[in-house]
Amino acid sequence: VERTRRFPQYVELLKQRRKLTTQIEMLQERFPLERPLMSGPNGTLFLKDGVVAVKREFAGRTRYHWIGTFSFKDFMDGVDEKKEEEVTKKLMP
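The following paragraphs examine the structure supplied in this document. (Residues numbered from 1 in each chain as written. Predicted model: local features only at pLDDT ≥ 70, side-chain atom pairs only at ≥ 80, totals over all residues. Heavy atoms only, no water.)

Per the counting criterion, the structure on display carries two aromatic pairs. Between phenylalanine 46 and phenylalanine 72 the ring centres are 5.7 Å apart and the planes differ by 65°, which places this aromatic pair in the edge-to-face class. Residue phenylalanine 46 is located in strand S2 (residues 45-47), and its partner phenylalanine 72 is located in the loop between strand S4 (61-71) and helix H2 (78-91); the two are separated by 26 residues in the primary sequence. Aromatic side chains phenylalanine 70 and phenylalanine 72 sit 5.5 Å apart centroid to centroid with 55° between the ring planes, which places their arrangement in the tilted category. By relative accessible area, phenylalanine 70 is classed as partly exposed at 27%. Relative accessible area serves as the criterion here: at 33%, phenylalanine 72 is assigned to the partly exposed category. A network of ring pairs unites the aromatic residues Phe46, Phe70 and Phe72 as a single cluster. (Phe/Tyr/Trp six-rings, centres within 6.5 Å; stacked < 30°, edge-to-face > 60°. Helix = DSSP H or I, 4+ residues; strand = E, 2+ residues; numbered from the N terminus. Buried < 20%, exposed > 50% of the residue type's maximum accessible area, 1.4 Å probe, protein only.)

Here it is as C-alpha coordinates:
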(Lines give C-alpha, C1' and ligand atoms only; values in the text may rest on other atoms or scores of the structure.)
Protein backbone atom coordinates (compact mmCIF):
# COMPACT_ATOMS: atom_id res chain seq x y z
CA VAL A 1 0.00 0.00 0.00
CA GLU A 2 2.85 2.38 0.84
CA ARG A 3 4.51 1.75 -2.52
CA THR A 4 1.36 2.62 -4.43
CA ARG A 5 1.11 5.96 -2.63
CA ARG A 6 4.71 6.83 -3.45
CA PHE A 7 4.51 5.81 -7.09
CA PRO A 8 3.15 9.18 -8.40
CA GLN A 9 5.98 10.97 -6.56
CA TYR A 10 8.49 8.59 -8.11
CA VAL A 11 7.15 9.26 -11.60
CA GLU A 12 7.29 13.03 -11.00
CA LEU A 13 10.88 12.78 -9.78
CA LEU A 14 11.82 10.82 -12.90
CA LYS A 15 10.28 13.53 -15.10
CA GLN A 16 12.22 16.23 -13.25
CA ARG A 17 15.41 14.21 -13.56
CA ARG A 18 14.98 13.88 -17.34
CA LYS A 19 14.29 17.60 -17.64
CA LEU A 20 17.36 18.54 -15.59
CA THR A 21 19.56 16.10 -17.52
CA THR A 22 18.42 17.71 -20.79
CA GLN A 23 19.14 21.18 -19.42
CA ILE A 24 22.63 20.14 -18.30
CA GLU A 25 23.37 18.69 -21.74
CA MET A 26 22.20 21.92 -23.41
CA LEU A 27 24.40 24.03 -21.10
CA GLN A 28 27.41 21.82 -21.72
CA GLU A 29 26.95 22.23 -25.48
CA ARG A 30 26.66 26.02 -25.24
CA PHE A 31 29.32 26.56 -22.59
CA PRO A 32 31.91 23.79 -22.78
CA LEU A 33 34.19 23.49 -19.78
CA GLU A 34 37.27 23.04 -21.98
CA ARG A 35 37.54 26.80 -22.51
CA PRO A 36 40.93 28.22 -21.60
CA LEU A 37 41.04 29.82 -18.16
CA MET A 38 43.43 32.40 -16.78
CA SER A 39 44.28 33.30 -13.21
CA GLY A 40 43.12 36.66 -11.96
CA PRO A 41 43.65 38.63 -8.77
CA ASN A 42 43.00 37.03 -5.39
CA GLY A 43 42.99 33.49 -6.79
CA THR A 44 40.03 34.03 -9.12
CA LEU A 45 39.69 32.29 -12.49
CA PHE A 46 38.38 33.93 -15.65
CA LEU A 47 37.60 32.73 -19.14
CA LYS A 48 40.04 34.18 -21.66
CA ASP A 49 37.21 34.89 -24.07
CA GLY A 50 33.46 34.65 -23.92
CA VAL A 51 30.11 36.29 -24.58
CA VAL A 52 28.63 39.43 -23.01
CA ALA A 53 24.93 39.12 -22.20
CA VAL A 54 22.27 41.48 -20.90
CA LYS A 55 19.51 40.16 -18.66
CA ARG A 56 16.09 41.70 -19.31
CA GLU A 57 12.69 41.15 -17.78
CA PHE A 58 9.94 41.20 -20.40
CA ALA A 59 6.30 40.29 -19.81
CA GLY A 60 7.17 38.49 -16.61
CA ARG A 61 9.88 36.38 -18.27
CA THR A 62 13.64 36.64 -17.98
CA ARG A 63 15.49 36.83 -21.27
CA TYR A 64 19.17 37.05 -22.07
CA HIS A 65 20.38 38.93 -25.13
CA TRP A 66 23.91 38.35 -26.41
CA ILE A 67 25.39 41.76 -27.21
CA GLY A 68 29.06 41.05 -27.83
CA THR A 69 32.17 39.17 -26.93
CA PHE A 70 35.12 39.79 -24.63
CA SER A 71 38.72 38.70 -24.51
CA PHE A 72 41.21 39.04 -21.62
CA LYS A 73 44.90 39.15 -22.39
CA ASP A 74 46.42 39.94 -19.01
CA PHE A 75 45.63 41.29 -15.55
CA MET A 76 47.71 44.03 -14.02
CA ASP A 77 48.69 43.83 -10.39
CA GLY A 78 49.21 46.89 -8.21
CA VAL A 79 52.89 47.26 -9.17
CA ASP A 80 52.09 47.30 -12.91
CA GLU A 81 49.39 49.92 -12.38
CA LYS A 82 51.82 52.25 -10.58
CA LYS A 83 54.38 51.86 -13.38
CA GLU A 84 51.71 52.61 -15.98
CA GLU A 85 50.62 55.73 -14.08
CA GLU A 86 54.25 56.93 -13.96
CA VAL A 87 54.67 56.42 -17.70
CA THR A 88 51.38 58.19 -18.40
CA LYS A 89 52.40 61.16 -16.22
CA LYS A 90 55.72 61.45 -18.07
CA LEU A 91 53.99 61.39 -21.47
CA MET A 92 51.31 63.91 -20.55
CA PRO A 93 52.52 67.42 -19.58
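Turning our eyes to something else, we now look at unusual backbone geometry. The phi torsion at alanine 59 lies on the positive side, around 55°, for a residue other than glycine. Secondary-structure assignment places alanine 59 in the loop between strand S3 (49-58) and S4.

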